[in-house]
Amino acid sequence: MATSTDAAPVPAQDSAPAPAAPGRRLAAARRGPTGSAHRPSGSLSLSQARRVALRAQGLDRPRAERTGPATMRQLQQVVDRLGLLQIDSVNVVARAHLVPTFSRVGPYDTALLDRAAGRAPRRLVETWAHEASYVPPETYALLGWRRRAYLTYAWGSIKDVPLDHSPLVEDVLAMIAADGPLTASEVHARVEGPAPRDRTEWGWNWTAAKRVLEYLFFTGQVASARRNAQFERCYDLTDRVLPPEVLAAPEPDDDEAVRALLRIAARAHGVASERCLLDYFRIRGPRARAAVRDLVEEGTLVPVRVAGWDRPTYLHADADLPRRATGRALLSPFDPLVFERRRLEELFGLRYRIEIYVPEAQRVHGYYVLPFLRGERLAALVDLKADRRAGLLRVHAAHPAEPAGAVPGADPDASPGAVAEDLAAELRLLAAWLGLDDVVVGDRDGTPRGTLAPVLAGALAAG
């Protein structure tokens, strides 16, 4: 949704200057009389690091009041800030790429995102970024080095396509050139007929046509023109998907492209270790580490010490430190704040895992669990399901988010009742956005699971 790869600087929330705010201090320190980059050292408490991260992600304060529907401009501001929206097809609550905007903006018409990614001139395009993601077209151009290096970055069923299906590659590409956009099922029907697909590889039982399409997609020869109602990609030639100005712009060299991607990651993090910065766009190798050093040299990254972290850490030079964090939000398991689990544990003291593929008897918190952010603490974990047929948002389980250890700076007065009251309000808002009539607490047999569930049920009833 962006026309630039970096988010605009976020104005400070506080009306009075905060002398301890590293974003203000470091931004000022960078601007010397000769314009040279300075690299002051500093330190942050864990609470300060959390607030820097929350401000960078746009989650440190309540959502802005609106008098009308959310606009394309507000959606674009979210993507400008985050740099990417990870895509996942699981639709237990809502598809993963839709929820981060709700978390930051509140209820909005998801047709905004469909229009941004499916209608020219596109503000978003699909590519492999963190994982499969929507990114601004300018960011797509920065990932050309990965598409060329598919033998290193793609998995076996993709990188082996030129050897295993060479004639089919040219046939499919010609078919899309002549008749695109086409879905994988449409291409399969044309080139393979009704023959059943190979089901020997659980989870990756793709037809040959699908494998060829994914190879062409990974290498940038085709792109997704839109998603249809079944959430299938509609593949077209990349030259017919990207905006003309992006196609006309010279592609940056590989080193500058990696630096630009890390600038996006650094702004989205606020404060991060090298591992976190590289993970944002899944960059690895000597070039990635060299790019981090370059960004330190130019002053974009400032080395900083975070209490309890035992490895090199960097602050974005324009990061801001709010005096407090007062936001409330339910977060998708694929939200950029939480998708790097080690960072999540170190920032918030929470061990959080996706349990979709864990046998039911072994699950700790549930099937599709969303963390609930309350202030600067992840205060609860709720296992949710949108029961669209019944018109209900079902809370199968609600657990207090037990930290892995002490979390300095977290709110010590967050009683279960206070957490449940705020969570109930957020669940009602989510249900309304999803077009559901009510929120009910209880597992499939109606039994509330998790120690927070009965308290939440009471808060919902009182509301």
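Everything in this summary refers to the structure shown in the same document. As the structure is a computational prediction, the values presented were derived from the model and not from experiment. (Residues numbered from 1 in each chain as written. Predicted model: local features only at pLDDT ≥ 70, side-chain atom pairs only at ≥ 80, totals over all residues. Heavy atoms only, no water.)

Looking now at unusual backbone geometry. Across the junction of alanine 120 and proline 121, the peptide omega takes the value -5 degrees, indicating a cis bond. Inspection of the secondary structure assignment puts proline 121 in the loop between helix H5 (111-118) and strand E3 (125-128). Even without being a glycine, phenylalanine 231 presents a positive backbone phi close to 65 degrees. Residue classification places phenylalanine 231 among the buried positions, given a relative accessible area of 12%. The backbone of arginine 282 sits at a positive phi, close to 55 degrees, despite the residue not being glycine. Its place among the elements puts arginine 282 in the loop between helix H16 (274-280) and helix H17 (286-298). (Helix = DSSP H or I, 4+ residues; strand = E, 2+ residues; numbered from the N terminus. Buried < 20%, exposed > 50% of the residue type's maximum accessible area, 1.4 Å probe, protein only.)

Right, let's get into the side chain of glutamine 48. Mapped onto the elements of the fold, glutamine 48 is located in helix H2 (residues 46-57). Excluding residues that lie within four positions of it along the chain, glutamine 48 makes contacts with Ser43 and Leu321. (Contact = heavy atoms within 4.5 Å.)

Next up on the list: H5. Of all the residues in H5, the buried ones are Leu112, Leu113, Ala116 and Ala117. Buried residues in H5, looked at end-on, bunch into an arc of 120 degrees, giving them a common side. As for H5, its buried residues are in contact with helix H3 (72-82), strand E2 (85-86), strand E4 (132-135) and strand E5 (222-227). (Arc of directions from axis to C-beta.)

With that settled, consider the sheet that holds E2. Sheet architecture is open: three strands sit in the order E2-E4-E3, paired in antiparallel fashion. A single partner strand is all that each edge strand has here, and the edge strands are E2 and E3. Sheet topology places E2 next to E4; two bridges connect them, and they run antiparallel. Note on E4: the bridge partner recorded for glutamine 86 is serine 133. (Pairing = 2+ DSSP bridges.)

When we look at a pair of aromatic rings, we describe it by the centre distance and by the angle of the planes. Across all of its chains, the model carries eight aromatic pairs by this definition. Between tyrosine 108 and tryptophan 433 the ring centres are 5.5 Å apart and the planes differ by 25 degrees, which places this aromatic pair in the stacked class. Residue tyrosine 108 is located in the loop between helix H4 (99-105) and H5, and its partner tryptophan 433 is located in helix H19 (residues 416-433); the two are separated by 325 residues in the primary sequence. Neither residue differs from the other here; tyrosine 108 and tryptophan 433 are each classed as buried. Summarising the aromatic geometry, the rings of tyrosine 150 and tyrosine 215 are spaced 5.4 Å apart at their centres and angled 75 degrees between planes, so their arrangement reads as edge-to-face. With a gap of 65 residues between them, tyrosine 150 in helix H8 (residues 150-153) and tyrosine 215 in helix H13 (residues 208-218) connect regions that are remote in the sequence. By relative accessible area, tyrosine 215 is classed as buried at 10%. Site record: aromatic cluster; members linked through ring pairs are Phe102, Tyr108 and Trp433. One residue, arginine 147, lies across the ring of tyrosine 140, its end atom 3.8 Å from the ring centre. The ring of phenylalanine 231 has arginine 227 sitting right over it, with the charged end atom 4.2 Å from the ring centre. (Phe/Tyr/Trp six-rings, centres within 6.5 Å; stacked < 30°, edge-to-face > 60°. Lys NZ or Arg CZ within 6 Å of the ring centre and 35° of its normal.)

Another aspect to go through is empty space enclosed by the protein. Overall, the coordinates contain one cavity of 30 Å³ or more when judged by the stated rule. A volume near 30 Å³ is recorded for the largest cavity. If you go around the largest cavity, the residues you meet are Thr127, Trp128, Leu143, Arg146, Arg147 and Phe218. Counting only elements with at least two residues in the lining of the largest cavity, the list comes to E3 and helix H7 (144-148). Of the residues contributing to the lining of the largest cavity, the split by class is three nonpolar, one polar and two charged. (1 Å grid on protein atoms, 1.4 Å probe; cavity = no way out; pocket = protein on both sides within 12 Å on 5 of 7 lines; lining within 4 Å. Points joined across faces, edges and corners; volume = space filled by probe spheres on them. Nonpolar A, V, L, I, M, F, W, Y, C, P; charged D, E, K, R; others polar.)

Before going further, it helps to examine the sheet that holds strand E9 (residues 313-316). Strand order across the open sheet formed by four strands is E1-E8-E9-E7, with mixed pairing between neighbours. Here the strands that pair on one side only, and so sit at the sheet edges, are strand E1 (43-44) and strand E7 (271-273). For E7 and E9, the ladder comprises three bridges, and the chain directions are antiparallel. Across the sheet, residue valine 271 finds its bridge partner in E9, namely leucine 315. Seen against the sheet, H17 touches strand E8 (301-306) and E9 and runs at an angle of roughly 100 degrees to E8. (Axes fitted to C-alpha atoms, helices over the stretch in contact; angles between N-to-C directions.)

On to the pattern of salt bridges, then. Taken as a whole and assessed by the stated rule, the structure comprises 31 salt bridges. Of the charged contacts in the structure, one is a salt bridge between arginine 55 and aspartate 60, with a shortest N-O distance of 2.9 Å. The two residues arginine 55 and aspartate 60 agree in class, both being buried. Arginine 55 is the salt-bridge partner of aspartate 320, the closest N and O atoms lying 2.5 Å from each other. A residue pair is termed long-range when its members are at least 10 positions apart, and aspartate 320 in the loop between E9 and strand E10 (328-330) and arginine 55 in helix H2 qualify at 265 residues. Each member of the pair, aspartate 320 together with arginine 55, is buried. Three or more residues joined by partner-sharing salt bridges are found here, namely Glu126, Lys210, Glu214, Arg227 and Arg233. (Salt bridge = Lys/Arg side-chain N within 4 Å of Asp/Glu carboxyl O.)

So yeah, pure geometry; function would need other evidence.
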